Amino acid sequence: MKITFIRPNLSDRRSADAMEPLVFAILARLTPADIDITFYDERVEPLDLRDTPDLVALTVETYTARRAYQISTSYKERGVPVVMGGYHPSLLPEEAAKFADALIIGDAEELWPQLIADFRKGNLQKVYRNENPPAIENVLGDYSLFKGKRYGKIKPVYAGRGCKYACDFCSINAFYGNSVRQRPLNDVIAEVESFKSKLFFLIDDNLFVDLQRTTALLNALIPLKIHWVCQTSIEIAQNKELMDLLARSGCIAATIGFESLNRENLKQMNKASNLHQHDYTSTIQQFYDRGIMIYGTFVFGYDHDTRDSFEPVVDFAIESKFCLANFNPLLPTPGTRLYKRLESAGRLLYKQWWLDHNYRYGSATFKPALMSPDDLTNGCFQARKDFNSYSSIFSRTFRLKANSGSVRNIACCLIANFINKKEVMVKQNSCLGAQYPLISTE
């Protein structure tokens, strides 16, 4: 028996910033040893259009849904049944079911072995669903799946799933709800120790949801002498002991969702952690004093944004010497409160932007309150171009000790910026999927 795993891209082009997709390492570990596995990651390699396995499994994000459905249709036309899982099918199962023979709703660890057993008996079910989030003890991956593929040097590892915050636009909360689960500390450390790499990305949506467990993790990382990056909310800077431990454990960069400099926007998006910050300068300095670089993220399009909102935010990001920053148009993804609110107000430009052949990456998908959709599209793209100009890159890299405190940091900062600059220009205004109609084989 042969199974093909596929990670679709936005389109059929290659990407320069792809990391190993952990979901397939986990599924490979859970797949019986007598099954032959083939894996394609369309971000780093083209698909084999002659591939005819017994079963295909795709993970689907909202951005990759159109491409995933096209890939699925191609396999089904060859008589190959298709399984889909991931955020998008879990939030829109009726849509995904038109293109798949089976869906996995929610996390797959407890469902995948049952699906394979059913398939072998000729009894594949249409939907596999967890009523409660599964435990994530002993959930390890088979990373041999990625051998020979051109991924970045940074290794993704996770310590837990879910986030305690419920931001208006966030699909993480829509998928997991209020569930926050932690892996056993020994599992995380064993996985880190199993790699030759010394550079890691702890991909938790917020690594600091449980400070006691996080403190134990950071202490356990110290003797490993690794370097790592994470995602966090800004309020951890108020905990000086935690910040010291962060640096001692090897953290060299943190992604922080600033989202907006407008407090009314922060209230609307329910970004409670940022509303308590009254002095970003001193807070940011807490990271820099410990040699930790910052990747700041911002979103535009909430109801208090205007055409004049972009430039001050870009200036703030450049003056703050962020190693990286992103400036995104607010994107209503299915299942979020944001999507439901804009839909009920009649403000969506596309009912299903992720499938619409007219939608282009980076474009506005709704009518903002105080500017036009074109203003939102153009403002975000210009912000990205300004921040990623060569003068900005070199100014931010070499005029801040945190970014240039070591050869390693300089290299990380420059490489990340040049990759980001390229991806911004290539992706902007690109179509999702291939430019031919979606045809389900339902």
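Numbers given to residues run from 1 along each chain, matching the order in which its sequence is written. Per-residue local features are limited, in this predicted model, to residues with pLDDT of at least 70; the limit for side-chain atom pairs, both in listing and counting, is 80 or more; totals at the level of whole chains, interfaces and linings are taken over all residues. With hydrogens and water excluded, all non-hydrogen atoms of the structure serve as input to the side-chain values.

Details of the overall build of the chain
Short version of the rule: Secondary structure elements are defined from DSSP: runs of H or I of at least 4 residues count as helices, runs of E of at least 2 residues count as strands, and each element is numbered from the N terminus. In this setup the radius of gyration rests on C-alpha atoms only. A globule is expected at 2.2 Å times the number of residues raised to 0.38. Exposed residues in this analysis have more than 50% of their type's maximum accessible area, buried residues have under 20%, and partly exposed residues fall in between, with area computed by a 1.4 Å probe over protein chains only. Note on contacts: a residue pair qualifies if any of its non-hydrogen atoms lie within 4.5 Å across the two residues. Using the Shrake-Rupley algorithm and a 1.4 Å probe, accessible areas are obtained, with residue cover drawn only from the displayed protein chains. Charge convention: Lys and Arg are scored as positive, Asp and Glu as negative, and His as well as the terminal groups of each chain are ignored. For charged residues, the charge sits on one atom: NZ in Lys, CZ in Arg, CG in Asp, CD in Glu.
Along its length, the chain carries 18 helices and 14 strands. By the compact-globule yardstick of 22 Å for 442 residues, the chain fits well, its C-alpha radius of gyration being 22 Å. The principal-axis extent of the C-alpha atoms belonging to the chain is close to 60 × 55 × 35 Å. Here the chain holds 442 residues, and 56% of them are scored as buried. Partitioning the contacts of the chain with sequence separation of at least 6, the portion at a separation of at least 24 is 74%. For the chain, the exposed surface amounts to about 19200 Å²; the carbon and sulfur share of it is 50%. Each charge sign in the chain was given a centre, from 53 positive and 50 negative side chains, and these centres are 4 Å apart.

Topic: helix H13 (residues 310-319)
To be explicit about the condition: Along the arc lie the directions from the helix axis toward the C-beta atoms.
Every buried residue belonging to H13 is among Phe310, Val313, Val314, Phe316 and Ala317, and all of these are buried. Buried residues along H13 cover an arc of 160° about the axis, so they all sit on one side. Turned more than 90 degrees off the buried face of H13, the exposed positions are Glu311 and Glu319. On the buried face of H13, the contacting elements are strand E12 (251-259), helix H12 (280-288), strand E13 (293-300), strand E14 (324-329), helix H15 (373-387) and helix H16 (390-398). Looking at the residues trailing H13, positive phi occurs at Lys321, about 60°.

Some details on unusual backbone geometry
Within the chain, Glu259 stands out as a residue other than glycine whose phi angle is a positive 65°. Relative to the helices and strands, Glu259 is located in strand E12.

A short note on the nonpolar core
The test is simple: The criterion is simple. A nonpolar core is a set of buried Ala, Val, Leu, Ile, Met, Phe, Trp, Tyr and Cys residues joined through side-chain atoms within 4.5 Å.
Counting residues in hydrophobic clusters, the biggest one holds 123 residues, and the most contacted among them are Phe5, Trp228, Phe258, Phe287, Phe298, Phe322 and Phe327. By residue number, the principal contributor to this core is helix H1 (residues 22-30), which donates 6 residues. Once residues lying within four places of it in the same chain are set aside, the contact partners of Phe5 are Phe24, Leu27, Ala28, Thr31, Ile37, Thr38, Phe39, Tyr40, Ala57, Trp112 and Leu145. Counting residues in each nonpolar core, the second largest holds 8 residues, with Val229, Met293, Cys323 and Cys413 among its members.

A closer look at the pairing of E12
Worth spelling out the cut-off: DSSP bridges decide pairing: two strands pair if at least two such bridges lie between them. Consider the strands pointing away from the viewer: the crossover is right-handed when the path from the first strand over the helix to the second runs clockwise.
Most of E12 is tucked away: 9 of the 9 residues are buried. By the bridge criterion, 5 bridges tie strand E11 (residues 227-232) to E12 in an arrangement that is parallel. Across the sheet, the residue bridging to Val229 is Ala253, located in E12. Where the polypeptide runs from E11 across helix H9 (residues 240-248) and back to E12, its parallel neighbour, the crossover connection is right-handed. Here 6 bridges tie E12 to E13, and the two strands are oriented parallel to one another. Along E13, the bridge assignment pairs Glu259 with Phe298.

Considering the side chain of Arg347
Summarising the element assignment, Arg347 is placed in the loop between helix H14 (337-344) and H15. The residues touching Arg347, leaving out its near neighbours within four places in the chain, are Asp303, Leu342, Phe366, Lys367, Pro368 and Ala369.

Concerning the environment of Phe322
For Phe322, the position within the fold is in the loop between H13 and E14. On the basis of relative accessible area, Phe322 is assigned to the buried category, the value being 0%. Each C-alpha atom of the pair Phe322 and Phe200 lies 20 Å from the other, and the pair is 122 residues apart in sequence.

Side note on the pattern of salt bridges
Spelled out, the test is: Salt bridge, as used here: a side-chain nitrogen of Lys or Arg that lies within 4 Å of a carboxyl oxygen of Asp or Glu.
Enumeration according to the criterion identifies 23 salt bridges in this entry. The residue Lys271 makes a salt bridge to Glu259 at a minimum N-O spacing of 3.7 Å. Residue Lys271 is found in the loop between helix H10 (263-268) and helix H11 (272-275), and its partner Glu259 is found in strand E12; the two are separated by 12 residues along the sequence. This pair shows no difference in class: Lys271 is buried, exactly as Glu259 is. When the shortest N-O distance is used, the salt bridge between Glu423 and Lys427 registers 3.6 Å. Residue Glu423 and its partner Lys427 are located together in helix H18 (residues 407-427), separated by 4 residues, close to a single helical turn. Both residues of the pair, Glu423 and Lys427, belong to the buried class.

Focus: a negative patch on the surface
Cut-off, in case you're wondering: Residues qualify for a patch when their relative accessible area is over 30% and they have no salt bridge, like charges being joined within 9 Å and the nonpolar side chains of Val, Leu, Ile, Met, Phe, Trp and Tyr within 5 Å.
Taken together, the side chains of Asp308, Glu311, Asp315, Glu319 and Asp386 define an acidic patch exposed on the protein surface. The greatest single-element share of the negative patch, amounting to 3 residues, is contributed by H13.

Regarding the sheet that holds strand E6 (residues 127-129)
The line we're drawing: Interaxial angles span 0 to 180 degrees and are taken between N-to-C directions of axes, which are lines fitted to C-alpha atoms, for helices over the stretch in contact.
What the 6 strands build is an open sheet, ordered E2-E1-E3-E4-E5-E6; its pairing is parallel. Two strands bound the open sheet, and with one partner strand each, they are strand E2 (36-41) and E6. On average, each strand axis in the sheet is tilted by 20° relative to the strand beside it, whichever way the strands run. Where strand E3 (residues 55-59) and strand E4 (residues 82-85) come together, 4 bridges link them in parallel fashion. Looking at E4, one finds that Ala57 is bridged to Val83. Packed onto the sheet, H1 meets strand E1 (2-7), E2 and E3 and runs at close to 165° relative to E1.

Some thoughts on the side chain of His88
Here His88 shows up in helix H3 (residues 87-91). Ignoring sequence-local partners within four residues, the contact set of His88 consists of Val60, Glu61, Thr62, Ala65, Tyr69, Glu95, Pro334 and Trp354.

Things to note about helix H5 (residues 112-120)
Along H5, the residues classified as buried are Trp112, Leu115, Ile116, Asp118 and Phe119. Angular distribution of buried residues about the axis of H5 spans 160°; they occupy a single face of the element. Residues of H5 that are buried in the fold lie against E1, H1, E3, E4, strand E5 (102-105) and E6. Immediately downstream of H5, the backbone of Gly122 shows phi near 70°, a positive value.

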